[in-house]
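Overview (structure and organization)
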Amino acid sequence: MSAQTETHAPSLPAPPDAHAGESAPRIVPVRRTGRWAAAVLVLLLLAGALVSVVRNDAFQWDVVGAYLTTDSVLRGLGLTLWLTGLVMVLGFALGTLLAVLRLSGNRVLQAVSWGYIWLFRSTPILVQLLFWFNIGALYPQILGISTVNLLGPVTVAVIGLTLHEAAYAAEVVRGGILSVERGQLEAAQSLGLGPWRRLRRIVLPQAMRSIVPPAGNMLIGTLKGTSIVSIIAVQDLLYSVQLVYHRTYEVIPLLLVATLWYVAVTSLLSLGQYYVERHYARGTAGTR
Amino acid sequence: MSAPTEEATGAPAMVEIRSVHKSFGAVEVLRGIDLSVRAGEVTVVLGPSGSGKSTLLRTVNHLEKVDQGWISVDGTLVGYRRSGNKLYELREREVLRQRTRIGFVFQNFNLFPHLTVLENIIEAPVAALGRPRKDAVASAERLLARVGLADKAGSYPKQLSGGQQQRVAIARALALEPKLLLFDEPTSALDPELVGEVLDVIKDLAHAGTTMIVVTHEIGFAREVADTVVFMDEGRIVEQGPPADVLDRPAQERTRAFLSKVL
Ligand SMILES: Nc1ncnc2c1ncn2[C@@H]1O[C@H](COP(=O)(O)OP(=O)(O)O)[C@@H](O)[C@H]1O
Ligand SMILES: [Mg+2]
């Protein structure tokens, strides 16, 4: 190392105004042999694993192929998708409300918001879902209608997942709002903009930069998390394949069917997140 | 010290500040401020850091509430309604309405980074005053030309230099056609070579007869455009008068000490 600097230093002319051509020294990067070896090793291991998966007949890839696009699986996928979308939208709407309450000047509203978030984050979603599923035991009738008729499994799934989602969304949105510089709000106030306009036009769009990455995580988590509704017999993607393998006992290939769909949709969502993040980064240095 | 200006000259005061006190917790930041600013005049506020200059400016458009005393702008109490011997706090809507008549320019510009220059300027006229978008755009373009940035309408703030951003911020404040402009150290966040372009814009406004209160450390600017220079220290106005008096023949030792440091 020191030998190298010694041999180089004297032979180097003042570089900026050195004439191009034979006198310009060539740069030789460090040879990273270890790095190459590690990469080759890992690739070999991965290839081996892939070969074993493809050639192991127990995976029954033909069964996977046969069920991948059957009506019932696609219907299950459809339900998973719209349930995810609805829960995200409703959850973030309620979460934004909770965040605003939490940041309001009203102590009672602050406490209510805090209490909600505390309660719904402190209990497992499985327990919450079973609770709403059995709410009829506490309130046999709501507004004169039998609770069991009013709240079918799908409605229970939407309500249960949304209330849970909102508690997390509230914290994400609150963090986003707090990340916006205080001067932004003061500028908006001094321009006479009303509270609703300040929130919607000035604060939330800037908060989005810190909201989108965790919201993307939540979306992917929710997509997979909706599979929990299979325990209350809602026919989502997971439940649809379960219905099949309870009949045919082809458990592994059918779980692979569900897995492939979850992976496909999740990959698309990650890609979408990239574009959404880029959109909300506009106006910051380094873009455009 | 601060004679009621109406009586002295007959010109109505645009801004009246009367025995204003303001504390943050146990710290009294404003300790009885009296100040009048006549229409069309430029008042420059000087003073060491922490003397309460920003706080005073912020009380004038009710970004800070006063604890005692009152402030009126263009004959209207700021933030309160008087009935008998009581001051009733106004609802936010009414305060926002009052703020549209007072322009505020911040040290750090506080432009909205996610909106273009044009969108920054038309936001308040459209959203707060309900002006038609087309009119707002037309006058925004005129204002941009006035601050020398006609070609920057579609840029985002972060693409502009600090001096350009501050000029946009001035145009944004002017878009509401305010009766009064407040500047809180408008050049303090700028690289030295950009200070001039912003001061030039403020000087133009001064010559056009805009009523302004400017907090700044630019003594040369004060000497050139101020009708009144106010020196503040520890929450009080120590001395005020024409620049020739306050800057060149300060009566108070504290003013002298401060000037010797900044000059
Ligand atoms: N929101 C606030 N809360 C607590 N203290 C504050 C607040 N704003 C200003 N102060 C304090 O009030 C004093 C005066 O501040 P400021 O008006 O900003 O002075 P200046 O603008 O003259 O430097 C300072 O000591 C500052 O720390
Ligand atoms: Mg200040």
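One can find the structure itself at the top, above this paragraph.
Residues numbered from 1 in each chain as written. Chains lettered and ligands numbered in written order. Predicted model: local features only at pLDDT ≥ 70, side-chain atom pairs only at ≥ 80, totals over all residues. Heavy atoms only, no water.

As for the overall build of chain B
Counting its secondary structure elements, chain B contains 10 helices and 12 strands. Taken against the 2.2 N^0.38 rule, which gives 18 Å for 263 residues, the C-alpha radius of gyration of chain B at 18 Å falls within 12% of a compact globule. Projected onto its principal axes, the C-alpha positions of chain B cover 50 × 45 × 40 Å. The burial tally for chain B puts 57% of its 263 residues in the buried class. Only carbon and sulfur atoms are counted for the fraction: they give 46% of the accessible area of chain B, which is about 11,500 Å². Separation between the mean location of the 32 positive side-chain charges and that of the 34 negative ones in chain B comes to 6 Å. (Helix = DSSP H or I, 4+ residues; strand = E, 2+ residues; numbered from the N terminus. Rg over C-alpha atoms; globule rule 2.2 N^0.38 Å. Buried < 20%, exposed > 50% of the residue type's maximum accessible area, 1.4 Å probe, protein only. Areas by Shrake-Rupley, 256 points an atom, 1.4 Å probe, with all protein chains shown as cover. Lys, Arg positive; Asp, Glu negative; His and termini not counted. Charge placed at Lys NZ, Arg CZ, Asp CG, Glu CD.)

Regarding helix α5 (residues 107-122) of chain A
Residues and elements named next belong to chain A. Taking 1.5 Å per residue as the helical rise, α5 with its 16 residues ought to reach 22 Å, and the 22 Å between its terminal C-alpha atoms agrees with that figure. Where α5 is concerned, the buried positions are Ser113, Tyr116, Ile117 and Phe120. Along the axis of α5, the buried positions cluster into a sector of 95°, meaning they face one direction only. The outward face of α5, more than 90 degrees from its buried face, is lined by the exposed residues Arg107, Val108 and Trp118. Buried residues belonging to α5 abut α4 (71-103), α6 (125-133) and α8 (153-178). Where α5 begins, one side-chain oxygen reaches toward the backbone nitrogen of Val108, 3.0 Å away; that side chain belongs to Asn106. (Expected span 1.5 Å × (residues − 1). Arc of directions from axis to C-beta. Contact = heavy atoms within 4.5 Å. Polar contact = N/O pair within 3.5 Å; in protein donor to acceptor, adjacent residues only side chain to side chain.)

What to know about helix α5 (residues 133-146) of chain B
Residue and element names in this part refer to chain B. Compared with the 20 Å implied by 1.5 Å per residue over 14 residues, the 20 Å span of α5 between its first and last C-alpha is a close match. Those residues of α5 that fall on the buried side of the exposure criterion are Ala136, Val137, Ser139, Ala140, Leu143 and Leu144. Where α5 is buried, its residues touch α4 (117-127) and α6 (162-174). Downstream of α5 by one or two residues, Gly148 has phi in the positive range, about 80°.

Description of the packing of α4(B) against α5(B)
Residues and elements named next belong to chain B. One can describe the packing of α4 onto α5 by two numbers: an axis separation of 9 Å at closest approach and a directional angle of 130°. In this view, α4 runs oblique relative to α5, as classed from their interaxial angle. At the point where α4 passes α5, the crossing takes the right-handed sense. Here Val117, Leu118, Ile121, Ile122, Pro125 and Val126 of α4 lie close against α5, whose contacting residues are Arg133, Ala136, Val137, Ala140, Glu141, Leu143 and Leu144. Split by residue class, the contact of α4 with α5 holds 11 nonpolar, no polar and two charged. (Axes fitted to C-alpha atoms, helices over the stretch in contact; angles between N-to-C directions. Parallel < 35°, antiparallel > 145°, perpendicular 65-115°, else oblique. Left-handed = near helix turned anticlockwise from the far one by under 90°. Nonpolar A, V, L, I, M, F, W, Y, C, P; charged D, E, K, R; others polar.)

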